[in-house]
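So you can see what is in the structure, the chains are spelled out below.
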Amino acid sequence: MHMDQSAVDAAREALAKAETALRPGPEGMGVFYAAFAKAQGAFQPIEKNKDVFIKSDKGSYSFKYADLAEIRAKTTPAMSENGLCLFQLVTEDNGATCIRTIIGHASGAEVESTIHINRQGDMKQFGATVTYLRRYVVGPMLGVAADDDIDEDGEDHAGAGSALISAAVHEGMRDARSIGELSKIMSGLPREDRAKYNDYYTQRQQELRAATQEAA
């Protein structure tokens, strides 16, 4: 896959303005978090099966990533077994393209991430930006590592992988020793704080799962 830096910059700008909403069902969010934690524990290893090449005026760089089909293939069975679903809607909203990514639970609880993208450049590059964002937002929402760590080659590639989001650190989540403990902390936060710390919550899920796998 080839992308110009302008498409990556547009994606970065859109991600910086992403909106996250948590909507409790009749039983609150606790049942959602419990089901989600079980599903995450059953996710299959995800293969970084694609390469992206980024061109810019200052040079170029590349990194490996898992495409959306690979991410869904390795996570959907566990999600379904625990009463969870994930779907995306691409619509128009006041002249901007709107990408809504929703994780829902059988209880009626759901988490939604909404991204608005202003159209710019040619349709090919705009389409690449939409495709990139659809894939990119699913990884953090599911708590899976679907992109290369930009530090693996010792360089700071602006715009690659998780560098697009800088997560606010929560001390309790930082000190959590299990996904269950982490989920309990998250469910106990006020609604506005859940949205604020959602990215860090996802990051800590990845770290705790990796530590569990290493210890096994």
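Residues numbered from 1 in each chain as written. Predicted model: local features only at pLDDT ≥ 70, side-chain atom pairs only at ≥ 80, totals over all residues. Heavy atoms only, no water.

A.B. asks: Can you explain the confidence of the model for the protein chain? Please cite residues and give values.
C.D. replies: Detailed conclusions should not be drawn from predicted coordinates in areas where pLDDT is low. Overall, the predicted model of the protein chain reaches an average pLDDT of 78, with 75% of residues at or above 70. Throughout residues 150-166 the model reports pLDDT below 50, and contacts reaching past four residues in sequence, or to other chains, amount to 28 contacts. (pLDDT = per-residue confidence, 0-100. Contact = heavy atoms within 4.5 Å.)

A.B. asks: Kindly report on the nonpolar core, identifying the contributing residues and their values.
C.D. replies: If you look at the biggest cluster of nonpolar residues, it comprises 45 residues, and the most contacted ones within it are Phe32, Met79, Ile103 and Leu142. Of all the elements, helix α4 (residues 123-142) adds the most residues to this core, at nine residues. If sequence neighbours within four positions are ignored, methionine 79 has contacts with Phe36, Ala39, Phe43, Leu84, Cys85, Leu86, Ile103 and Leu142. (Core = buried A, V, L, I, M, F, W, Y, C linked by side-chain atoms within 4.5 Å. Buried < 20%, exposed > 50% of the residue type's maximum accessible area, 1.4 Å probe, protein only. Helix = DSSP H or I, 4+ residues; strand = E, 2+ residues; numbered from the N terminus.)

A.B. asks: Tell me what's going on with the pattern of salt bridges, and back it up with residues and numbers.
C.D. replies: Tallying each qualifying case throughout the model produces five salt bridges. Taking the shortest distance from any N to any O, the salt bridge between arginine 23 and glutamate 110 comes out at 2.8 Å. You can see arginine 23 sitting in strand β2 (residues 19-23) and its partner glutamate 110 sitting in strand β7 (residues 110-117), a full 87 residues away along the chain. Look at arginine 23 and you get partly exposed, because its relative accessible area is 32%. On the basis of relative accessible area, glutamate 110 is assigned to the partly exposed category, the value being 22%. (Salt bridge = Lys/Arg side-chain N within 4 Å of Asp/Glu carboxyl O.)

A.B. asks: Kindly report on the packing of aromatic side chains, identifying the contributing residues and their values.
C.D. replies: A complete count under the given rule lists three aromatic pairs for this structure. Consider the rings of phenylalanine 32 and phenylalanine 36, whose centres lie 5.8 Å apart with planes at 35°: the pair is tilted. Here the residue phenylalanine 32 and the residue phenylalanine 36 both occupy positions in helix α2 (residues 30-41), the gap between them amounting to four residues, near one helical turn. The exposure class of phenylalanine 36 is buried, given its relative accessible area of 4%. Centroid distance tyrosine 33 to tyrosine 201: 6.2 Å. Interplanar angle 70°. Geometry classified as edge-to-face. (Phe/Tyr/Trp six-rings, centres within 6.5 Å; stacked < 30°, edge-to-face > 60°.)

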